Amino acid sequence: MFKIGQRWFSQAEPELGLGLITEVEDRQVEVSFPASECSRRYNAKSAPLKRHMLKVGEVARPSEGESFDITEVQERNGICFYLGEEQVLPETQLKSDISLVKPEERVLAGNFDPDSFYQFR
């Protein structure tokens, strides 16, 4: 499930920005949040985390360099690689200070409740 180098964000604390998996143990996972200069350790089975994966047509924003439109997504050993405009960007090098606080940002990032929760309400 969790692999070192993957990018996840906290649904409980979206203001932390995009997290980077730094350690995976039997039942725990450690996530570093570079944008907020902190880290969190979670129970791997109940972590309030959601995987951040970009899709073809979205814009890849590297921590250094120019942004580009994604034309292809490849996954190798659990790590996503975003390709476009003669560039290859591993997810480990994505910009960490994304915002997921506003409702429209949450929807665009795929951070919303399942339909069953809506039906229940």
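Please refer to the structure higher up on the page.
Scope of this entry: the structure provided in the associated data block. Within each chain, residues carry numbers counting from 1 in the order of the written sequence. Where totals are concerned, whole chains, interfaces and linings use all residues; where local detail is concerned, this predicted model gives features only for residues with pLDDT of at least 70, and gives and counts side-chain atom pairs only at 80 or more. The side-chain numbers reported here are obtained from all heavy atoms of the structure, hydrogens and water having been left aside.

### Notes on the overall build of the protein
Check the secondary structure of the protein and you find two helices and 10 strands. Note on conventions: DSSP H or I runs of at least 4 residues are helices, E runs of at least 2 residues are strands, and numbering of each starts at the N terminus. From first element to last, N terminus to C terminus, the protein shows the α and β order β-β-β-β-β-β-β-β-β-β-α-α. Only protein chains enter the accessibility calculation, which uses a 1.4 Å probe. A residue is then buried if its area is under 20% of the maximum for its type, exposed if over 50%, and partly exposed in between. A buried classification covers 36% of the 121 residues belonging to the protein. Where accessible areas are quoted, they stem from the Shrake-Rupley method and a 1.4 Å probe; at the residue level, only the protein chains shown are allowed to cover. Carbon and sulfur atoms provide 49% of the accessible area of the protein, an area that totals close to 7,800 Å².

### Let's talk about the nonpolar core
Side-chain atoms within 4.5 Å link the members of a nonpolar core, which is a set of buried Ala, Val, Leu, Ile, Met, Phe, Trp, Tyr and Cys residues. Ranked by size, the top nonpolar core spans 11 residues in total: Phe2, Trp8, Leu16, Ile21, Val29, Val31, Phe33, Tyr42, Ala44, Ala47 and Leu49. Membership of the second largest hydrophobic core comes to nine residues, among which are Leu18, Leu54, Cys80 and Leu89.

### Observations regarding unusual backbone geometry
Unlike most non-glycine residues, Glu37 shows phi in positive territory, near 55°. Tracing the sequence through the fold places Glu37 in the loop between β3 (28-33) and β4 (38-43). Among the residues examined, Glu37 registers a relative accessible area of 74% and is labelled exposed. You will see that Asn77, though not glycine, has its phi angle at about 55°, which is positive.

These figures capture arrangement, not role.
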